[in-house]
Amino acid sequence: MTTSQAGTIEQLKGGFTGEILLPGDGAYDSARQIWNAMIDKRPAIIARCATTSDVVRGVNFARDKGLLLAVRGGGHHIAGNALCNDGLVVDLSKMKAAHVDPAGRRVTIEGGATLADLDAATQAHGLATPVGINSTTGIAGLTLGGGFGWLSRKYGMTVDNLESAEVVTAAGEVVRASATEHSDLFWALRGGGGNFGVVTRFEFRLHPVGPNVLSGLIVYPFSEAKRVLQQYRDFVAKAPDELTVWTVLRQAPPLPFLPAEVHGKKIIALALIHADDPEEGERLIKPLHKFGTILGEHVGVQPYLAWQQTFDPLLTAGARNYWKSHNLSKLEDGLFDAIIEYAGKLPSPQCEIFIAAIGGATARPASDSAAYTHRDATFVMNVHSRWENQEDDKHGIGWARDFFNATTPFANGGAYVNFLTADEGDRVRAAYGPNYERLAQVKRRYDPENLFRMNQNIAPA
Ligand SMILES: Cc1cc2nc3c(=O)[nH]c(=O)nc-3n(C[C@H](O)[C@H](O)[C@H](O)COP(=O)(O)OP(=O)(O)OC[C@H]3O[C@@H](n4cnc5c(N)ncnc54)[C@H](O)[C@@H]3O)c2cc1C
């Protein structure tokens, strides 16, 4: 930032109701920390907004002063675009207010809310909408990239449940996007990954869920991984939309339901939820008990809210993380062999390979019904490479890349924009797929100068 730019910060402060943080301010260093500790960026200004007007002020200031602009929701994206060096961060993390209309089955929630904020507000009424599996994730980034989790097979992607959004455009205008207002923008927001403006408020449709659901984990020995995976493939192919089962291969954490001798050993686990009558769920999951030797099981009827937070302790902020992911349309034996080979040489105790089963309601809309195009991805496989110390970067990153390359022949070529790392610019086209050209047209209309470019960027047509 130049001296003249700095001299005009007072202009930004005037009328700003949130907090403006500059290097040297007490809260500046904590405000520039995000989930992935590999990201170490030093913005010139962090504008912690309290209202939509603050967001407008931040956007106008960055545009008029020619500052690079980043937008922060929950700060979870692995690529670290929630921050920028030298420029201005419009930080929504204090904007979390939620309002539920139980009779109309709708929630409106501000753009800095986490999944925990959303779930808490909606579950108070026995309602929910499909979101991700780690409750500290931001609703904004998750939704704008598509969004999937435990309820997606039954109720679709998060974007499939979006009714409307309040957006601050690059011109600093506040518009409402929905099926009938700015419908091209509404289409683009639903998978276009933060390219089109700052979303200050989301409105979602809600569904009756729980509040108690059958859910939990079943753990088998790593030595039986191949036959567990093969049976898993056959099982999920026939599972109803209400039942979702994901697979994880990793070292066993010291979970109380696992015998001490299993802690730290490689395992394969199934994580499951039945989003309907628990008794029916019990009946449906019976075959899982015959998949192999059960080392431990923790399945029962528990609050949906608790299940939504089950994986939080394994996914805390502050570690160094590198991911690689593939969209899959089928699970082949060759894929299982590669998974087993690479799970056999995990670079750290925190690393994991997981296969998320989506399909069901996520696969039914047309591929151009929203910007999120990957209706053929019935599974998303993500490799979480995760470690503590910088000297382990090369090893952790190398393992993930090698695994990614080894499994590319079994993938369908699509990519999930919310899982792309900073060095995967070559996969951005694959992330937007055949919708890219239309997205570029919408980008030209709403952001012709590409003000919103700290993202998996779509160049204006
Ligand atoms: C531990 C963990 C678990 C995850 N699990 C899942 C999962 O189960 N399912 C799933 O679908 N995804 C999952 N994700 C991926 C997640 O969807 C993305 O990381 C998502 O971008 C997070 O959103 P955020 O607001 O927290 O991130 P941020 O880093 O704050 O935002 C990501 C990008 O979105 C844009 N953005 C953020 N806020 C706004 C806004 N208000 N308006 C406009 N643009 C904005 C910006 O371009 C920003 O760079 C997970 C991520 C992590 C780290």
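Please read these numbers as outputs of a predicted model, since none were measured by experiment.

1. Considering the site of the ligand
- Around the ligand lies a shell of 32 residues, among which G73, G74, G138, G141 and G194 are the nearest.
- Going through the elements one at a time, β3 (69–72), α6 (139–145) and β10 (198–205) are the ones with two or more residues in the shell around the ligand.
- The dominant element in the shell around the ligand, judged by the number of residues it contributes, is α6, at 5 residues.
- Looking at side-chain class alone, the shell around the ligand contains 13 nonpolar, 18 polar and 1 charged residues.
- Summarising the domain contributions, the shell around the ligand has at least three residues from each of domain 1 (3–91) and domain 2 (98–209).

2. Topic: the domain arrangement of the protein
- Each assigned domain of the protein is listed with its residue range as follows: domain 1 (3–91), domain 2 (98–209) and domain 3 (212–422).
- For domain 2 and domain 3, the distance between their C-alpha centroids amounts to 24 Å.
- Residue-level contacts link 31 residues of domain 2 with 28 residues of domain 3.
- Counting residues per element, the ones that place at least two in the side of domain 2 that touches domain 3 are α5 (115–123), α6, α7 (152–155) and α8 (183–189).

3. A few points about the nonpolar core
- If you look at the biggest cluster of nonpolar residues, it comprises 144 residues, and the most contacted ones within it are L88, V90 and F379.
- Ignoring sequence-local partners within four residues, the contact set of V90 consists of A47, C49, V55, G58, V59, L69, V71 and V198.

4. Describing the packing of helix α12 (residues 333–343) against helix α13 (residues 393–407)
- Running from N to C, α12 and α13 cross one another at 165°; their axes reach a closest spacing of 9 Å. Judged on the interaxial angle alone, α13 and α12 are roughly antiparallel. The way α12 lies across α13 gives a crossing that is right-handed. Touching L335, A338 and Y342 of α12 are W399, F403, A406 and T407, all from α13.
- For the contact of α12 with α13, the per-class residue count stands at 6 nonpolar, 1 polar and no charged.

5. Points about α13
- For α13, with 15 residues, the first-to-last C-alpha span of 21 Å sits near the 21 Å given by 1.5 Å per residue.
- G396, W399, A400, F403 and T407 are the residues of α13 that are buried. Buried residues of α13, seen end-on, are gathered within an arc of 90° and therefore sit on one face of the element. Opposite the buried face of α13, by more than 90 degrees, sit the exposed residues K394 and N405.
- Buried residues belonging to α13 abut β16 (320–328), α12 and β18 (379–387).

6. Some remarks on the sheet that holds β10
- One open sheet accounts for 5 strands, arranged β5-β6-β10-β8-β9; its pairing is antiparallel. Pairing within the sheet leaves two strands with one partner each, and these edge strands are β5 (98–101) and β9 (174–178). Between one strand and the next, the sheet's axes are offset by a mean angle of 15°, whatever the strand orientation.
- Relative to strand β6 (residues 106–110), β5 is paired through 4 bridges, and the arrangement is antiparallel. Bridging across to β6, A98 finds its partner in I109.
- Strands in contact with helix α4 (residues 52–65) are β8 (162–168), β9 and β10; relative to β8, the strand with the most contacts, it is inclined by about 50°.

7. With respect to the pairing of β16
- In terms of residue burial, β16 counts as a mostly covered element, since 8 of its 9 residues are buried.
- Where β16 meets β18, 9 bridges bridge the pair, whose relative direction is antiparallel. In the strand pairing of β18, L328 is matched with F379.

8. Observations regarding helix α10 (residues 278–285)
- Along α10, the residues classified as buried are G281, L284 and I285. Taken around the axis of α10, the buried residues stretch over an arc of 85°, which confines them to a single face. In α10, the exposed positions that point more than 90 degrees away from the buried face belong to E279 and R283.
- Contacts from the buried residues of α10 go to β12 (212–221), β13 (243–251) and β14 (266–274).

Basis of the calculations
Residues numbered from 1 in each chain as written. Predicted model: local features only at pLDDT ≥ 70, side-chain atom pairs only at ≥ 80, totals over all residues. Near = placed C-beta within 6 Å. Helix = DSSP H or I, 4+ residues; strand = E, 2+ residues; numbered from the N terminus. Nonpolar A, V, L, I, M, F, W, Y, C, P; charged D, E, K, R; others polar. Domains from an automatic or database assignment. Contact = placed C-beta atoms within 7 Å. Core = buried A, V, L, I, M, F, W, Y, C linked by C-beta atoms within 7 Å. Buried ≥ 20, exposed ≤ 12 C-beta atoms within 10 Å, placed from the backbone. Axes fitted to C-alpha atoms, helices over the stretch in contact; angles between N-to-C directions. Parallel < 35°, antiparallel > 145°, perpendicular 65-115°, else oblique. Left-handed = near helix turned anticlockwise from the far one by under 90°. Expected span 1.5 Å × (residues − 1). Arc of directions from axis to C-beta. Pairing = 2+ DSSP bridges.

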